[in-house]
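Per-entry structural report
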Amino acid sequence: MSILETRNLTAFYGDFQALYGIDFRLEEGETVAVIGSNGAGKSTFLRTLTGLNAAASDSVVLAGQPIGGLPAHRIVGLGLALVPEGRRLFPSLTVEENLLVGAYSGRKGPWSLERLYKLFPILAERRHNPGTALSGGQQQMVAIGRALMSNPQVLLCDELSLGLAPIVIRDIYAALPGIKAEGCSVVVVEQDVSQAMNVADRLYCFQEGRVSLEGRPDDLTREQISLAYFGV
Amino acid sequence: MNTAVIQRATRASRIGAIVGVLLVLAAISMPWWAERSSQRLAAEFLYTLALAQMWNLLAGYGGLLSVGQQAFIGLGGYSLVLFGLQAGINPFLIVPLAGLITGLIAVPTAAIVFRLRGAYFAVGTWVVAEVFRLLIANTTSLGGGSGTSITSTVIGIPAWWRESLTLWMALALGAGATLAVYLLLRSRHGLALTAVRDSEPAAESLGISVKRIKWFVYIASAVGCGMAGALIFITKLRIAPEAAFSIDWTATMFFVVVIGGIGTIEGPIVGTLVFFILRELLSDYGTWYMIILGSVAVAFMLWIPRGIWGLVGGRFDMHFFPVQRRLKLPEPQSNNKEE
Amino acid sequence: MGEWINTILQGLLLGGLYSLFATGLALSFGIMRMINIAHGDFAILAAFAAIAVVEPLGLDPFVVLLLIVPLMAGFGYVLQRIILNRTLGQDILPPLLVTFGMSIIIQNLLLVAFSADTRSLSVGELGIASVPLGGDVAVGVFPLIVMAVAVAVLGGLQWLFSATPLGRAFRAASDDREVAQLMGIDNRHIYGVAMAIAMGIVAIAGVFLAIRANINPTEGPARLLYAFEAVIIGGLGSLWGTLAGGVILGVAQTIGGKLDPGWGILAGHLAFLAVLVVKPNGLFPRTRER
């Protein structure tokens, strides 16, 4: 059974229609990447999944339950968490407080402060610093940790590698297997196509609000991807 | 030539101009045909309109939510005491003088209140108005807390001239404020002002000095309120700090502009009309009148935030004061002969 | 000399009352990013509600607090959920105007119900009791109680903000509404709770004010201005700053009033303007946003 599925999902960004009938599925334990150029609808897609954008009830299904159109604060309690683009840590909260706020929904599961500090030891050292005083890579760890504290079934990551040095990106992605080992399925949205191809079991390419390509990275040729990505 | 043209005049605006001129002529001639009580009502309507236009300029276009415009109304009123009662100048000459004085006082005031932004600015302006009220209430030579009569300033002026001049000056202020805001918005600065209203960061990035525009709007509005204040207290003949610096002035401006439609020139006119109609209808209800006014304002803000004019003008695309530029495209041709 | 020490002590303790007024205002500033123009009127409303209960039932004003505070808190929650939440957004005009309208409505409803006469609450002997500090210096017992309550309220809020999930949720919602929702925080509810706390505190302030002095239905706006000044003097976002701001305001007012009875309130306003000119961000700023 798919852990997360969208059926004919449409969404608007202000007055613009940003998504046109997206059919998407994520199997349990899978990592799926969504790629596409700027304005292809990737971020709107994630916002709609998390409830920040409106959607028809049965167009988003999480573990068999229709969640489309539910308010965002309800959806996280059902097991869907987002690592937002640009980290967006709470500046007036310390590292540890940022993580604790992630657990606000009270959803039970494997993740705790101790477990997270094991995954990202550097955060334990800096637990009492303001979240925004950390380096970009460390902030990204906090953002991931904050999402994990809600013990999600599905973790959505928006542009994890944006603005980070390659070596830092490698460290961040190195945490993914440990996260998946706790029974979490992952969706990564990436502009960095090669990074996405490396981590993903399957791949969706968006173009102008539609799915232009879907498949396993190994089965896709460079030409196919470039056509689906740029539309030329 | 089939090029797109930019036009501003609309049919409504041409009709509006004709109606406007007729109304102004009717108002000017009122002393010869109208009763004194309706003349007074007209004067009151016109200075209320002037106040509303000033607050609309400030809040609707300048994004400066002042709750302290009563500072300048009060200072304008007290110009009568200082220059009329004590220096013996003709009260009607004091009206423009009051504008000058309040404009000058607005400069250092702005320097202080502009340190606060948004909602904090709003309450800050209120504190400043209170400071002026208390300063005057503590100055015995200006009448102190209990106020003073200013009847002696108008004593030498024949009644007919006093009433007529009051009406004409109110007309000059009401129509003048409306016209001034209109002309300002049509000017180069108007475009900048509209840009500031829509998005301050965007305006800044276009090279518009948001700060300078806000200063200008704040001081212009102070001048308008100061002149109106002087005229208002000529009609009242008695002035006291509580009344001159009353928050009720700003409450009235709030009410009129929000009901009429903030950020439009037509809005304050419509709002002033509604305000006077409600006042006539509800004047017997005393305290309940204020409760109803407050409830109406709250209801408008919650459900009709663009006001009556925003609703009507928007639906019928009607603009008596067209300040925006409209792109008019040529009629599409049925066939293209060049091919 | 002793007279001046007394004056300054009075001002210091008056700061406790002002701090109680300011704390509720600072909460809605800090969390909802809105300014409640009717803040002072709600205090006066609570005070009149207390008067209405105390007189026929003959209850002690302190006992009445146990009734009024939860009542006002519940009222605050409902008000925020039903009306004020609808006004929140990019534009600061709607919350300002709606609360301004409420201020006018409350004042006039109180005028209808209680007339324009001044009223007060009596706590009997306690109201005039004082503690001698040697020489002719003494402090009132009731002002000391007010100050103690103000300090306790601030301490409680500090604990709430720093050590509880609710407090973290408040700060998160204040930092970034959208991401807070992604954490499972229901902003509308959180804002309702914040308003409930603000209203509960301002209800205490209103009742204490009515014990301390005569009140009338139209003095809410003046109380709003003092609260606002205390918040800005202390520095936005600083909890204990509101106490410092309240104390500075209180001392300025009592010293001004001692020099000339007409100058007391003016001196407070001038102290506020002076701080604004010299230190625009207040004395203990936490947040840079203004």
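Residues numbered from 1 in each chain as written. Chains lettered and ligands numbered in written order. Predicted model: local features only at pLDDT ≥ 70, side-chain atom pairs only at ≥ 80, totals over all residues.

Considerations on the overall build of chain B
For clarity, the threshold we go by: The secondary structure listing takes helices from DSSP runs of H or I that are at least 4 residues long and strands from runs of E that are at least 2 residues long, numbered from the N terminus. Put simply, the radius of gyration uses C-alpha atoms, and a globule should come to 2.2 Å times the residue count raised to 0.38. Between the buried cut of 20 or more and the exposed cut of 12 or fewer other C-beta atoms within 10 Å of a residue's own C-beta lies the partly exposed class, and all C-beta atoms are placed from the backbone. By definition, residues are in contact whenever their C-beta atoms, placed on the basis of the backbone, come within 7 Å of each other.
Tallying secondary structure elements over chain B gives 14 helices and four strands in all. Against the compact-globule benchmark of 20 Å for 339 residues, chain B has a radius of gyration of 22 Å, which places it among compact chains. Looking at chain B as a whole, 47% of its 339 residues qualify as buried. In chain B, the proportion of contacts linking residues at least 24 apart, taken out of those at least 6 apart, comes to 80%.

With respect to the overall build of chain C
Along chain C, the regular secondary structure elements total eleven helices and two strands. For chain C, the sequential pattern of α-helices and β-strands runs α-α-α-α-β-β-α-α-α-α-α-α-α. Over its C-alpha atoms chain C spans a radius of gyration of 19 Å, differing by no more than 12% from the 19 Å that the globule rule assigns to 290 residues. For chain C, buried positions account for 54% of its 290 residues.

Remarks on the interface of chain A and chain C
Under the convention used in this document: The nonpolar class holds Ala, Val, Leu, Ile, Met, Phe, Trp, Tyr, Cys and Pro. Asp, Glu, Lys and Arg form the charged class, and all remaining residues, Gly among them, are polar.
Across the contact, 20 residues belong to chain A and 15 residues belong to chain C. Those elements that provide at least two residues to the side of chain A that touches chain C are α2 (72-75) and α3 (95-102) of chain A. Here the element with the most residues in the side of chain A that touches chain C is α3(A); it accounts for four residues. In the side of chain A that touches chain C, the residues fall into eleven nonpolar, seven polar and two charged.

Observations concerning the interface of chain C and chain B
The interface is formed by 36 residues belonging to chain C together with 33 residues belonging to chain B. For the side of chain C that touches chain B, the secondary structure elements donating two or more residues are α3 (61-87), α4 (93-114), α9 (220-234) and α11 (264-278) of chain C. Top element by residues in the side of chain C that touches chain B is α4(C). It accounts for 14 residues. Of the residues belonging to the side of chain C that touches chain B, the class tally is 29 nonpolar, four polar and three charged.

Side note on the environment of Val19(B)
Residue and element names in this part refer to chain B. Turning to its location among the elements, Val-19 is positioned in helix α1 (residues 11-33). Residue Val-19 is classed as exposed on the basis of its 11 C-beta neighbours within 10 Å. When the C-alpha positions of Val-19 and Pro-96 are compared, they lie 28 Å apart, and in sequence the two are 77 residues distant.

Topic: the nonpolar core
Cut-off, in case you're wondering: Each nonpolar core comprises buried Ala, Val, Leu, Ile, Met, Phe, Trp, Tyr and Cys residues, the members being joined through C-beta atoms within 7 Å. In this document the domain limits rely on a domain assignment from an automatic tool or a database.
Formed by 279 residues in total, the largest nonpolar core has its most connected members in Leu156(A), Leu80(B), Leu231(B), Ala46(C) and Val207(C). The greatest single-element share of this core, amounting to 18 residues, is contributed by helix α8 (residues 187-212) of chain C. When residues are assigned to domains, this core turns out to be shared by domain 1 (40-245) and domain 2 (247-317) of chain B, each giving three or more. Each residue touching Leu231(B), except ones within four places of it in the same chain, is listed here: Tyr47(B), Val95(B), Thr166(B), Met169(B), Ala170(B) and Leu173(B).

Some words on the domain arrangement of chain B
Residues and elements named next belong to chain B. Its domain assignment divides chain B into domain 1 (40-245) and domain 2 (247-317). The distance between the C-alpha centroids of domain 1 and domain 2 comes to 20 Å. The interface is formed by 20 residues belonging to domain 1 together with 17 residues belonging to domain 2. Residue assignment for the side of domain 1 that touches domain 2 shows that the elements contributing at least two residues are α2 (36-61), α3 (70-86) and α6 (159-186). At eleven residues, the largest contribution of residues to the side of domain 1 that touches domain 2 is made by α2.

Examining the arrangement of the chains
Sorting the two pairs of chains in contact by contact count puts chains B and C at the top. Without any contact between them, chain A and chain B keep their closest C-alpha atoms 17 Å apart.

Re the sheet that holds strand β4 (residues 60-62) of chain A
Residue and element names in this part refer to chain A. Here is the rule: For two strands to count as paired, DSSP must find a minimum of two bridges between them. For helices, the fitted line uses only the C-alpha atoms of the stretch in contact; every axis is such a line through C-alpha atoms, and the angle between N-to-C directions lies from 0 to 180 degrees.
Spatially, four strands are ordered β2-β1-β4-β5 in an open sheet, and the strand pairing comes out antiparallel. The two strands at the open ends of the sheet, each matched to only one other strand, are β2 (16-27) and β5 (65-66). When strand β1 (residues 2-13) meets β4, the two strands line up antiparallel, connected through three bridges. Directly across from Leu-4, in β4, lies its bridge partner Leu-62. Each of β1, β2 and β4 is contacted by helix α1 (residues 42-50), which is oriented at about 70° to β2, the strand it contacts most.

Brief notes about the environment of Gly209(A)
All names here are of chain A. Mapped onto the elements, Gly-209 comes out in the loop between β9 (202-207) and β10 (210-215). Separated by 46 residues in sequence, Gly-209 and Gly-163 place their C-alpha atoms 25 Å apart. Not counting the four nearest positions on each side in its chain, Gly-209 is found in contact with Gln-17, Ala-18, Leu-19, Tyr-20 and Gly-41.

What about the pairing of strand β8 (residues 185-190) of chain A?
All names here are of chain A. Burial of β8 is extensive: six of the six residues sit out of reach of the surface. Because side chains alternate across β8, one face comprises the buried residues Ser-185, Val-187 and Val-189, and the other comprises Val-186, Val-188 and Glu-190, equally buried. Sheet topology places strand β3 (residues 31-35) next to β8; five bridges connect them, and they run parallel. Paired with Ile-35 across the bridge in β8 is Glu-190. Relative to β8, strand β7 (residues 154-158) runs parallel, the two sharing five bridges.

Quick notes on the sheet that holds β9(A)
Residue and element names in this part refer to chain A. Read across the open sheet, the six strands follow the order β6-β7-β8-β3-β9-β10; overall the sheet is mixed. Each edge of the open sheet is held by one strand with a lone partner, namely β6 (80-83) and β10. The mean angle between the axes of side-by-side strands here comes to 20°, regardless of whether they run parallel or antiparallel. Where β3 lies against β9, four bridges are found, and the strand directions are parallel. Counterpart to Val-32 in the pairing with β9 is Arg-202. Against the sheet, helix α6 (residues 136-148) touches β6 and β7, its axis set at about 170° to β6.

Side note on the confidence of the model for chain B
Stated formally: For every residue, the predictor states its confidence as a pLDDT score lying anywhere from 0 to 100.
The pLDDT averaged across chain B works out to 87; a share of 90% of its residues lies at or above 70. pLDDT under 50 marks residues 332-339 of chain B. Its contacts with residues more than four places away, or in other chains, come to zero contacts.

Let's talk about α1(A)
Residue and element names in this part refer to chain A. With nine of its nine residues buried, α1 lies for the most part within the structure. Buried within α1 we find Lys-42, Ser-43, Thr-44, Phe-45, Leu-46, Arg-47, Thr-48, Leu-49 and Thr-50. Gly-51, located one to two residues past α1, shows a positive phi value of around 95°.

Some details on the packing of α9(C) against helix α10 (residues 239-259) of chain C
Residue and element names in this part refer to chain C. Counted only if it meets this: Roughly parallel means an angle under 35 degrees; roughly antiparallel, over 145; roughly perpendicular, 65 to 115; everything else is oblique. Helix crossings fall into two classes, left-handed where the near helix is turned counterclockwise from the far one by less than a right angle and right-handed where it is turned clockwise.
At a minimum axis distance of 7 Å, the contact between α9 and α10 shows a crossing angle of 120°. In terms of axis orientation, α9 runs oblique to α10. Along this stretch, α9 crosses α10, giving a crossing that reads as right-handed. From α9, Tyr-226, Glu-229, Ala-230, Val-231, Ile-233 and Gly-234 reach across to α10, where they touch Gly-241, Thr-242, Ala-244, Gly-245, Gly-246, Ile-248 and Leu-249. Among the residues making up the contact of α9 with α10, the classes are represented as seven nonpolar, five polar and one charged.

Examining the environment of Gly124(C)
Residues and elements named next belong to chain C. Looking at the element boundaries, Gly-124 is found in the loop between α4 and β1 (130-132). You can call Gly-124 exposed: it has 9 C-beta atoms within 10 Å. In the structure, Gly-124 is positioned 87 residues away from Ile-211 in sequence and 9.8 Å away in space, judged by C-alpha atoms.

Here's the deal with α3(B)
Residues and elements named next belong to chain B. Just so we agree on the cut-off: One less than the residue count of a helix, multiplied by 1.5 Å, gives the span that helix is expected to have.
For α3, with 17 residues, the first-to-last C-alpha span of 23 Å sits near the 24 Å given by 1.5 Å per residue. With 15 of its 17 residues buried, α3 lies for the most part within the structure. One or two steps after α3, the chain reaches Gly-88, where phi turns positive at roughly 75°.

Concerning the pairing of β1(A)
The side chains of a regular strand alternate, residue by residue, between the two faces of the sheet. Residues and elements named next belong to chain A. Note: β1 against β2, eight bridges, orientation antiparallel. What sits directly across from Phe-12, in β2, is Gln-17. Taken together, β1 and the strand that follows it, β2, pair antiparallel across an intervening segment of two residues, in which Gly-14 is found at a positive phi of about 65°.

As for unusual backbone geometry
Residues and elements named next belong to chain A. In the Ramachandran plot, Arg-88 falls in the positive-phi region, its phi being about 50° despite a non-glycine side chain. Examined against the element boundaries, Arg-88 turns out to sit in the loop between β6 and α3. Notably, Glu-159 is not glycine yet its phi reads approximately 50°, a positive angle. With respect to the secondary-structure elements, Glu-159 resides in the loop between β7 and α7 (166-174). Note on Glu-159: 21 C-beta atoms within 10 Å, which makes it buried.

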